[in-house]
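Breakdown of the fold
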Amino acid sequence: MSAVLAEASVLKTAPVAPQEAALVLLGTGVVGGAFLKLLCTPVSKRLHLVGAANSRKQQTEAAQLAARDLRERLKREGAPRDDAALLSALDEHRAPLKVIVDATASSELASRHADWLARGYHVVTANKSLAGGHLSGWRALQAARAAGGRYGDSATVGAGLPVLSTLRRLCDCGDSLLTLEGVFSGSLSYLFNTYDGSRPFSELLGEARKQGYTEPDPRADLSGEDVARKLLILARNAGFALGHDEVVVESLVPESLRDISTEAFLARLAELDEPLAALHEAARGRGHVLRFLARLNQRGRARVGITEVPLTHPAARLYGTDNQFALTTTRYHTQPLVIQGPGAGPEVTAQALLGDILALG
């Protein structure tokens, strides 16, 4: 082999050194806290946290950011929240990759994603409010992605299960989504996998809340709105230009309990029992079980709500907080492509955020 060819071979096969990244973390709740723990592991050695903030306070001092108890410290000390100062910390760092990590559920923060992307920042997020919100926000996001930074959204659906990446890869290869069905909520999956009529649904819900499987106000889960946002994200990535108002959402929360305080709702949980017990008994009489399903058909009609399924249905065989996504496409037509696994939990969600960051460089 000639010297020129040998050199070319070396250049062709030499690995590309990963780039360093400067990060600002917005949100230090359970997901943000789990993400901070991952930043202390060897796999994160090229990532530099230059700012962290909760809803009220922030920190940009290197010594404070390196503290193992940063999350707890931010609860009691730090500068007042100032996003401009956080972005300045990003701009001043030498790392070539500038990343904003949104680990919140704030719609106000989500509305700024498109602007951050257009300004050249990369955004990695578990926040579904923009991509799964109004269609105008989705379109603004796509325009910003085309002109600016990269958008890491693996954590928005399935807590990091390879759902969005698989769907996009299929579409990039010329495949088309025909129908989509599944259980998209870890908390609702747990509730209906466990509910067998032997105990009141309200009792089970109270236990699930104490274990952290639901939001502090369980109506955030029971309303179905979170599932609807995930369905919209998947549908839009598959080319269905669906508006938020085009998803039929059947809430599990009775009308009389929707506009009261969290405390009042928790005191009246027993009002959920009778309607769900009746649905359960009717389903059991037909040899079926109840599941909270999201569905999208070929015509773009989308529905989220409680559904009876036979014991042979894939969703009837879920366990714990499992999510399940069944994709029928032009190539996976005879039998759907099924993606299933844990769909809730701060650790797997934080890992999805970290994975998207590492993929940038």
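Scroll up a little and you will see the structure.
Residues numbered from 1 in each chain as written. Predicted model: local features only at pLDDT ≥ 70, side-chain atom pairs only at ≥ 80, totals over all residues. Heavy atoms only, no water.

Examining helix H11 (residues 201-210)
Of all the positions in H11, only Phe201, Ser202, Leu204, Leu205 and Ala208 are classed as buried. Projected down its long axis, H11 carries its buried residues within an arc of 160°, all on one side. (Buried < 20%, exposed > 50% of the residue type's maximum accessible area, 1.4 Å probe, protein only. Helix = DSSP H or I, 4+ residues; strand = E, 2+ residues; numbered from the N terminus. Arc of directions from axis to C-beta.)

Side note on the environment of Ser187
Assignment of secondary structure puts Ser187 in helix H10 (residues 186-194). Note on Ser187: relative accessible area 4%, which makes it buried. In this view, Ser187 contacts Tyr213, Thr214 and Asp221; residues no more than four positions away in its chain are not counted. (Contact = heavy atoms within 4.5 Å.)

Focus on the environment of Ala79
The topology assignment puts Ala79 in strand E4 (residues 79-80). As a C-alpha pair, Ala79 and Arg56 span 23 residues in sequence and 8.6 Å in three-dimensional space. Residues in contact with Ala79, not counting those within four places in the same chain, are Arg56, Lys57 and Gln58.

A word on the packing of aromatic side chains
Using the criterion set out here, one finds 4 aromatic pairs in the structure. Arranged with centres 5.4 Å apart and planes meeting at 90°, the rings of Tyr195 and Phe201 form a pair that is edge-to-face. For the pair Tyr195 and Phe201, one class covers both residues: buried. One aromatic cluster in this structure is built from Phe192, Tyr195 and Phe201. (Phe/Tyr/Trp six-rings, centres within 6.5 Å; stacked < 30°, edge-to-face > 60°.)

A few points about helix H16 (residues 346-360)
The end-to-end C-alpha distance of H16 is 22 Å, a good match for the 21 Å that 15 residues give at a rise of 1.5 Å each. Within H16 the residues assigned to the buried category are Thr349, Ala350, Ala352, Leu353, Leu354, Asp356, Ile357 and Leu360. Turning to H16, the residues buried within the fold contact strand E1 (21-26), helix H2 (30-38), strand E2 (47-53), strand E5 (97-102), strand E6 (122-125) and strand E7 (151-152). (Expected span 1.5 Å × (residues − 1).)

Observations concerning the pairing of E2
Across the 7 residues that make up E2, a large majority, 7, are buried. Relative to E2, E1 runs parallel, the two sharing 6 bridges. Looking at the pairing, Leu23 lines up with Leu49 of E2. With H2 bridging E1 and its parallel neighbour E2, the resulting β-α-β unit is right-handed. Where E2 lies against strand E3 (residues 57-59), 2 bridges are found, and the strand directions are antiparallel. By the bridge assignment for E3, Ala52 is matched with Gln59. Here E2 hands over to E3 after 3 residues, the two strands then running antiparallel side by side. (Pairing = 2+ DSSP bridges. Right-handed = clockwise from strand over helix to strand, strands pointing away.)

Comments concerning the sheet that holds E5
Ordered in space as E4-E3-E2-E1-E5-E6-E7, the 7 strands form an open sheet in which the pairing is mixed. Looking at the sheet topology across the chains shown, the edges are occupied by E4 and E7.

Some thoughts on empty space enclosed by the protein
One pass over the structure, following the stated rule, counts 1 cavity of 30 Å³ or more. Taken as a whole, the largest cavity spans an internal volume of roughly 30 Å³. In terms of lining residues, the largest cavity is bounded by Val24, Leu26, Asp83, Leu86, Leu87, Ile100 and Trp116. Going through the elements one at a time, E1 and helix H5 (83-92) are the ones with two or more residues in the lining of the largest cavity. (1 Å grid on protein atoms, 1.4 Å probe; cavity = no way out; pocket = protein on both sides within 12 Å on 5 of 7 lines; lining within 4 Å. Points joined across faces, edges and corners; volume = space filled by probe spheres on them.)

Brief notes about the pattern of salt bridges
All chains considered together, the criterion is met by 18 salt bridges. Salt-bridge contacts for Lys128 lead to Asp226; the nearest nitrogen and oxygen are separated by 3.3 Å. Remark: Asp226 occurs in helix H13 (residues 225-237) and Lys128 occurs in the loop between E6 and helix H8 (135-147); sequence separation between them is 98 residues. Each of the two residues, Lys128 as well as Asp226, counts as buried. A salt bridge links Arg199 to Glu207, with the shortest nitrogen-to-oxygen separation between them at 2.4 Å. Take Arg199: its relative accessible area is 31%, and that puts it in the partly exposed class. Relative accessible area serves as the criterion here: at 30%, Glu207 is assigned to the partly exposed category. Residues participating in the shared-partner salt-bridge network are Lys128, Asp226, Arg229 and Lys230. (Salt bridge = Lys/Arg side-chain N within 4 Å of Asp/Glu carboxyl O.)

Description of the packing of helix H9 (residues 163-172) against H13
Contact geometry for H9 and H13: axes closest at 9 Å, N-to-C directions at 20°. Looking at the two axes, H9 sits roughly parallel to H13. The interaxial crossing formed by H9 with H13 has right-handed handedness. Of the residues in H13, those in contact with Val163, Leu164, Leu167, Arg168 and Cys171 of H9 are Ile233, Leu234 and Asn237. Split by residue class, the contact of H9 with H13 holds 6 nonpolar, 1 polar and 1 charged. (Axes fitted to C-alpha atoms, helices over the stretch in contact; angles between N-to-C directions. Parallel < 35°, antiparallel > 145°, perpendicular 65-115°, else oblique. Left-handed = near helix turned anticlockwise from the far one by under 90°. Nonpolar A, V, L, I, M, F, W, Y, C, P; charged D, E, K, R; others polar.)

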